[in-house]
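# An overview of the molecular structure
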Amino acid sequence: MKRLELGVGGMSCAACSARVERALKGVGGVESASVNLAAERANIVYDEKATGEAALKKAVKDAGYNPFDLTENAKAEMAAKKANEKRDMKRRLIFAAAFGIPLFYIAMAPMIKGLEHALPRFIDPEYNTLNYALAELILVIPILIAGRRFYRSGFKALWLKSPNMDSLIAVSTLAATLYSIYGVIKIADGDMHAMHSLYFESAGMIIVLIQFGKYLETLSKGRTGDAIKKLMSLAPDTARVMRNGAEVELSAKDVMMGDTVVLKPGERVSVDGTIVSGRTSVNEAMLTGESMPVDKEIGDKVYAGTINGEGAVLFTATGVGADTALGRIVHMVEEAQGSKAPIARMADAVAAYFVPAVGGVAILAFILWLVFARDFALAVRVFISVLVIACPCALGLATPTAIMVAAGRGAELGILVKSGEALETAGKVNAVMLDKTGTVTTGSPVVTDIITAPGADETAALTLAAAAEKQSEHPLAKAILAAAEQRSITVPDAEGFKASAGHGVDCTVSGTHIVMGSARLMREQGIDNPLEEKAAALSADGKTPIYMAADGKLTALFAVADAIKPDAAEAIRLLKEMNVKLVMLTGDNSLTAKAVAAKVGIDEVRSEVLPGDKAGEVARLQNMGYTVAMVGDGVNDAPALVKADTGIAIGAGADVAIESADIVLMGGELGGVAAALRLSRAAMTNIKENLFWAFGYNTLGIPVAAGVLYAFGGPLLSPMIAAAAMSLSSVSVVTNALRLRRFDPNKTHKYLKPHSSKKNGGNDAAQAGNNNNITSKEETNMITLKVNGMMCQHCQKAVEKALAEIGATHITVDLANKQATFANADEAAARKAITDAGYEVE
């Protein structure tokens, strides 16, 4: 399957985006299509063997809209086109208003007390009724010409059997104008009472008011993309590059990979690169949100948009244009702004039938008033009002505008939300799982204690340990190597190196068989452990004990401590304030885990969790009914980040973790988790407010326009008032979404409760039942079954679901090794459940 992001021009309301979506889904080979009205984008997933870009673009064009590629040049052209359209819209509005205001005055003055004879005698309806009618006709024609776009778009949509908001405006104003022209003809024939059948001012003012509303809406929608503009403006337009030994200033777009770039004090970095000469400090607040400058020297990376300090350096360009970190952030935010949240489906479903339904209501109201009131003028007035007051625009803009603003505000705060769906799901999160190393702690452990067995030498033990850990990538291994380096120890090479994830290492150093790892590994190897009491004391102090055995005999115990992040305790307090269940995952023993958890305020810990079991821990909470967010930074966190309802990656972590996550925190601070969840909750609240207004407005407005109140002695809505209400409804939705630009994660007391979810976990009883729950995987009886027949992720999920339905917990299904691991379920029942799901159990 291939994914395509396509620009779509010419959409004016939710009915338009619904039509484009239907057209794309109708192309053979298209698996899914989502169209965002506010961002003017379509996201399409299709089988490239069955169809291609040309067929998709043709489908959009045949639907009556303008497809365009989202290349940088195309975006620039579209931005220029929109700027021109905005100017044209303003000119047309001024032109229409210049005729609309005198038209309104002429039409309404004779009906206002004190102004009955304010008009010149030659157009006063009491003396020259025909001139009065002709004056209105002459004034309305330029207004209709100024609003020709509504007729072009509206009747085209009607011809294609997919009416939109423009169709409602076109039909209503044309009906008013034609009925008024009929009135002029009757006046010319001597029927002076026909002056009461003139609706020229309604047709003209509808056009003026809707153009005014559209102009305000365009201005407001333009502000939803301010965050993107700010991000793009961070990178300088020019760069100094060494060419043929000379320093040359050129456009940043012309810098090539491998060019040597000159960076002087106080300048912004133009492209991504690696320093090859000099030392400096760089303010990377744009990326991380941290205002403290970061020291840089040869070999360190610099990023486009960051600000150089006092030093001057040369660096080699490694990323230019869209390939810079800044470019990728901008693209990620654009993708999020162009995506659609699941909550929008309800509005989309309504929008697909909304305009035809409104047309039906207008015709029905016209017939009923004509039959029962026997007043053709009244029936026409009601018909026009119903068509004009309906606002599919408000429905179409309710969700995407809020997502656009929230995604942009998130980027300003260093929170990158990858999609509208991620934003919505994060708003429902009521349980957060935190990986300890690199998330709650700094991820840079140091050796604090070395305890040797009687007769063993500390330096010799450290030498063997460093040799054994030399080939390991584990952070604890690096701590031992750093300790050896500090003592200037020459570290020999190890042979036959084997690493067991979550357990330890096994190798030979200078003929001595070395085993290093946890107490569990020592037990599995049958090695006596006389240092367990000392290890327990170290663990109680929050340190991780690592045992080393040489030739089957325990030789030394190393204690490694990972410093807790400075903001961790405050971050946990903020999360608790938000009524979320907190669980910390770690491969450490329960004593160490308990010590760290106690320091930061986490009540529930899952200790001695192997990397492959983290996803199972997420599934355990999901099976309990929680909507789970997983926060991690390492490669081994990626499966859990994918499994979680919302994966949150710490931006300083591994690329694979960032790729697997739904939300990326560009800084390494844990406090960003609470800010991300609060932003999501704020966005969801805003969307619900918008949808409530959009649905409420149409639900109340259409019956009033149809004359329901008038039938019971109430007022009858004027078509002009209906037009003003319709225009303001769209503007109000966009304006409400823009409030998210002022979102402050520290002032969001009303976003402390998660939004409702289908999952009903997180209740107080469940929360209370799990407090102070320090659980070790060692205490759980795990069962592993060999499962044949699994071919893809759908198979994997089917097996997970089958096990979850029989009450199994700690579920991990390994697709590559064809294995299912679980606990708390009968093996026979599990075999039957997997077999019933269509797979074979060995």
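Everything discussed here concerns the structure shown above.
Note that the structure is a prediction, hence the values are computed from the model and not measured.

### Here we look at the overall build of the chain
Looking only at helices and strands, one finds 30 helices and 31 strands in the chain. Looking at the chain residue by residue over its 842 residues, the buried ones come to 54%. When contacts within the chain are restricted to residue pairs at least 6 apart in sequence, those whose partners lie at least 24 apart make up 69%.

### Some points on the environment of Leu158
Topologically, Leu158 is positioned in helix α5 (residues 148-159). Residue Leu158 is classed as partly exposed on the basis of its relative accessible area of 36%. Taking the C-alpha atoms as reference points, Leu158 and Pro356, 198 residues apart in sequence, are found 10.0 Å from one another. Leave out the neighbours within four places in its chain, and Leu158 touches Pro163, Ser167 and Val171.

### Quick word on the packing of helix α12 (residues 376-389) against helix α25 (residues 671-705)
Two numbers describe a pair of packed helices, the interaxial angle and the distance between the axes. The interhelical angle for the contact between α12 and α25, taken along N-to-C directions, is 170°, at an axis separation of 8 Å. Relative to α25, the element α12 lies roughly antiparallel. Mapping the contact onto sequence places Val382, Ser385, Val386 and Ile389 in α12 and Tyr697, Asn698, Gly701, Ile702 and Ala705 in α25. Of the residues contributing to the contact of α12 with α25, the split by class is six nonpolar, three polar and no charged.

### Overview of the sheet that holds strand β31 (residues 840-841)
Spatially, β29-β30-β28-β31 is the arrangement adopted by the four strands of the open sheet, whose pairing is antiparallel. Looking at the sheet topology across the chains shown, the edges are occupied by β29 (809-814) and β31. As judged from the two bridges shared by strand β28 (residues 782-788) and β31, these two strands associate in the antiparallel manner. Residue pairing in the sheet places Val787 in a bridge with Val841 of β31. Seen against the sheet, helix α30 (residues 827-836) touches β28, β30 (819-823) and β31 and runs at an angle of roughly 25° to β28.

### Thoughts on helix α16 (residues 458-469)
The α-helix winds at 3.6 residues per turn, so residues separated by three or four positions along the chain end up facing the same way. Compared with the 16 Å implied by 1.5 Å per residue over twelve residues, the 16 Å span of α16 between its first and last C-alpha is a close match. Of all twelve residues that make up α16, nine are buried, and the element is covered over most of its length. Capping the start of α16, Asp457 holds a side-chain oxygen 3.3 Å from the backbone nitrogen of Thr459, two or three residues further along.

### Considering unusual backbone geometry
Outside of glycine, negative phi angles account for most residues, and trans bonds account for most peptide bonds. The phi dihedral of Ser488 falls on the positive side, at around 55°, and the residue is not glycine. Examined against the element boundaries, Ser488 turns out to sit in the loop between α17 (475-486) and β17 (494-500). Overall, Ser488 belongs to the exposed group, its relative accessible area being 63%. Phi is positive for Asn579, close to 65°, though the residue is something other than glycine.

### With respect to the side chain of Glu201
With respect to the helices and strands, Glu201 occurs in helix α7 (residues 200-224). Filtering out sequence-adjacent residues up to four positions away, Glu201 remains in contact with Leu103, Ala107, Glu136 and Met720.

### So, the pattern of salt bridges
When their charged atoms lie close together, side chains carrying opposite charge are able to pair. Counted under the stated rule, the structure contains 32 salt bridges. When the shortest N-O distance is used, the salt bridge between Arg606 and Glu617 registers 2.9 Å. Of the two residues, Arg606 is situated in strand β23 (residues 604-607) and Glu617 in helix α22 (residues 614-623); the sequence distance between them amounts to eleven residues. Judged on exposure class, the residue Arg606 and its partner Glu617 are both buried. The partner of Arg739 in a salt bridge is Glu689, and the shortest N-O contact between them spans 2.8 Å. Of this pair, Arg739 sits in the loop between α27 (719-738) and α28 (764-770) while Glu689 is found in helix α25, placing the two residues 50 residues apart along the sequence. Looking at Arg739, the relative accessible area reads 33%, which means it is partly exposed.

### Side note on the side chain of Ser270
With respect to the helices and strands, Ser270 occurs in the loop between β7 (260-263) and β8 (272-277). Look at Ser270 and you get buried, because its relative accessible area is 9%. Discounting residues that sit within four places of it in the chain, Ser270 has contacts with Pro236, Thr238, Ala239, Ala252, Val261 and Ala304.

### Describing the environment of Val429
On the secondary structure map, Val429 appears in the loop between α14 (420-426) and β15 (431-435). For the pair Val429 and Thr627, spaced 198 residues apart in sequence, the C-alpha to C-alpha distance is 4.8 Å. In contact with Val429, other than residues within four places in its own chain, are Val580, Thr627, Val628, Ala629, Thr646, Leu677, Arg681 and Pro754.

Each value, and the rule that gives it
Residues numbered from 1 in each chain as written. Predicted model: local features only at pLDDT ≥ 70, side-chain atom pairs only at ≥ 80, totals over all residues. Heavy atoms only, no water. Helix = DSSP H or I, 4+ residues; strand = E, 2+ residues; numbered from the N terminus. Buried < 20%, exposed > 50% of the residue type's maximum accessible area, 1.4 Å probe, protein only. Contact = heavy atoms within 4.5 Å. Axes fitted to C-alpha atoms, helices over the stretch in contact; angles between N-to-C directions. Parallel < 35°, antiparallel > 145°, perpendicular 65-115°, else oblique. Nonpolar A, V, L, I, M, F, W, Y, C, P; charged D, E, K, R; others polar. Pairing = 2+ DSSP bridges. Expected span 1.5 Å × (residues − 1). Polar contact = N/O pair within 3.5 Å; in protein donor to acceptor, adjacent residues only side chain to side chain. Salt bridge = Lys/Arg side-chain N within 4 Å of Asp/Glu carboxyl O.

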